[in-house]
Amino acid sequence: MLDIYWICLIGGVLFALVTIIFGDILGDIFGGFFDALTMDHLDFLQPMVLVGGITVFGGSGIMLGQYTSLERIPVVITSVIISMAASVLVYFSYVRPMKNCENSTSYSIKDLVGKIGEVSVPIPVKGYGEVVMKVGAGNTNQIAGNLEEVEIPAGTRVVVGETKEGILFVFRYEID
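A. The arrangement of the packing of aromatic side chains in detail. Scanning the entire structure with this criterion turns up 2 aromatic pairs. With centroids separated by 4.9 Å and ring planes inclined at 80 degrees, the aromatic side chains of Tyr91 and Phe92 adopt a geometry described as edge-to-face. Given a relative accessible area of 47%, Phe92 falls into the partly exposed group. Over the ring of Phe169 we find Lys164; its NZ or CZ atom is 5.8 Å from the centre of that ring.

This is the structure in C-alpha cells:
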C-alpha cells in the first residue's frame, strides 16, 4: 500500500510542476482540443481539486503509515477523509471564489439595445452614421442607422432601439 501512496504523492507533485512550468506552452499546443470535455457546471472536478486530493491522499497515507501505529485499513480511511477535507478546502477557498470573480470586457451588440449614446457622425434619414457609446470602462464606436424619418445631427443623444446585422438602429433621446 505504501507504493500506492508514493505514486499518488509523486504523481501529484509532478503534475503541479508540469502545470506550473509548461502550462501555457501545453495550453497553446492543445489549444481548444479539450474544450469539448469541459464541465463548467461540475466545478468540483477541476484538476486542481482532484489532483490536489490525490496528492494529499498519498502524502497523508505515507505519514500515517510510517509514523503512527494504525493498521492498513484505518490508514486508508483516514487518508481518504483527509484528502476529501483538503479538496473541499481548495474548492471553497480557491476554485469557487475565482470562478465568481471572472469577468470580461467583451459585450454583444445585442447588449446595446436600450443604451444611450451620442452621435459622432450625422445619421441621414436613409443612410448610416456613427454613435459613441459607453460600454464597461470604455467607449465604443458603432455604425448606426436611423429609426426616425429625420436626420440626426452630430452631438445628439440617442437610444438604441434595435440591432440588425451588426448595425445599431437609433432614435433621439428626449427628456421631458
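Moving on from the coordinates now.
B. Summary view of unusual backbone geometry. Phi is positive for Glu165, which is not a glycine, with a value near 50 degrees. Examined against the element boundaries, Glu165 turns out to sit in the loop between strand E4 (157-164) and strand E5 (167-172).

C. Examining a nonpolar patch on the surface more closely. Taken together, the side chains of Leu2, Trp6, Ile10, Val13, Leu14, Leu17, Val18, Ile20, Ile21, Phe22 and Ile25 present a nonpolar region at the surface, about 1,000 Å² in accessible area. Looking at the secondary structure, you find Ile10 in helix H1 (residues 2-29).

D. Fine view of the pairing of E4. Summarising the sheet, strand E1 (residues 116-121) and E4 pair through 3 bridges and their orientation is antiparallel. In the sheet register, Glu118 faces E4, and the bridge partner there is Arg157. Examined bridge by bridge, E4 and E5 share 6 bridges and lie antiparallel to one another. Bridged to Val158 within E5 is Arg172. Hairpin connection of E4 to E5: 2 residues between the antiparallel strands, including Glu165 at a positive phi of 50 degrees.

E. Examining the side chain of Thr156 more closely. Structurally, Thr156 can be placed in the loop between strand E3 (138-146) and E4. Classification of Thr156 as buried rests on a relative accessible area of 15%. Here Pro153 takes part through its backbone oxygen, which lies 2.8 Å from a polar atom of the side chain of Thr156. With sequence-adjacent residues up to four places away left out, Thr156 is seen in contact with Gly117, Glu118, Val119 and Arg172.

F. Broad picture of the nonpolar core. Listed in full, the 12 residues of the largest apolar core are Leu112, Val119, Ile123, Val131, Met133, Val135, Ala144, Ile152, Val158, Val160, Leu168 and Val170. Elements with a minimum of two residues in this core: strand E2 (128-135), E4 and E5. Among the elements that take part in this core, E2 stands out by supplying 3 residues, more than any other. Setting aside residues no more than four positions away along its own chain, Val160 makes contact with Leu112, Val113, Gly114, Lys115, Met133, Leu168, Phe169 and Val170.

What counts and how
- Residues numbered from 1 in each chain as written.
- Predicted model: local features only at pLDDT ≥ 70, side-chain atom pairs only at ≥ 80, totals over all residues.
- Heavy atoms only, no water.
- Phe/Tyr/Trp six-rings, centres within 6.5 Å; stacked < 30°, edge-to-face > 60°.
- Buried < 20%, exposed > 50% of the residue type's maximum accessible area, 1.4 Å probe, protein only.
- Lys NZ or Arg CZ within 6 Å of the ring centre and 35° of its normal.
- Helix = DSSP H or I, 4+ residues; strand = E, 2+ residues; numbered from the N terminus.
- Patch = residues over 30% accessible without salt bridge, like charges linked within 9 Å, V, L, I, M, F, W, Y side chains within 5 Å.
- Areas by Shrake-Rupley, 256 points an atom, 1.4 Å probe, with all protein chains shown as cover.
- Salt bridge = Lys/Arg side-chain N within 4 Å of Asp/Glu carboxyl O.
- Pairing = 2+ DSSP bridges.
- Polar contact = N/O pair within 3.5 Å; in protein donor to acceptor, adjacent residues only side chain to side chain.
- Contact = heavy atoms within 4.5 Å.
- Core = buried A, V, L, I, M, F, W, Y, C linked by side-chain atoms within 4.5 Å.

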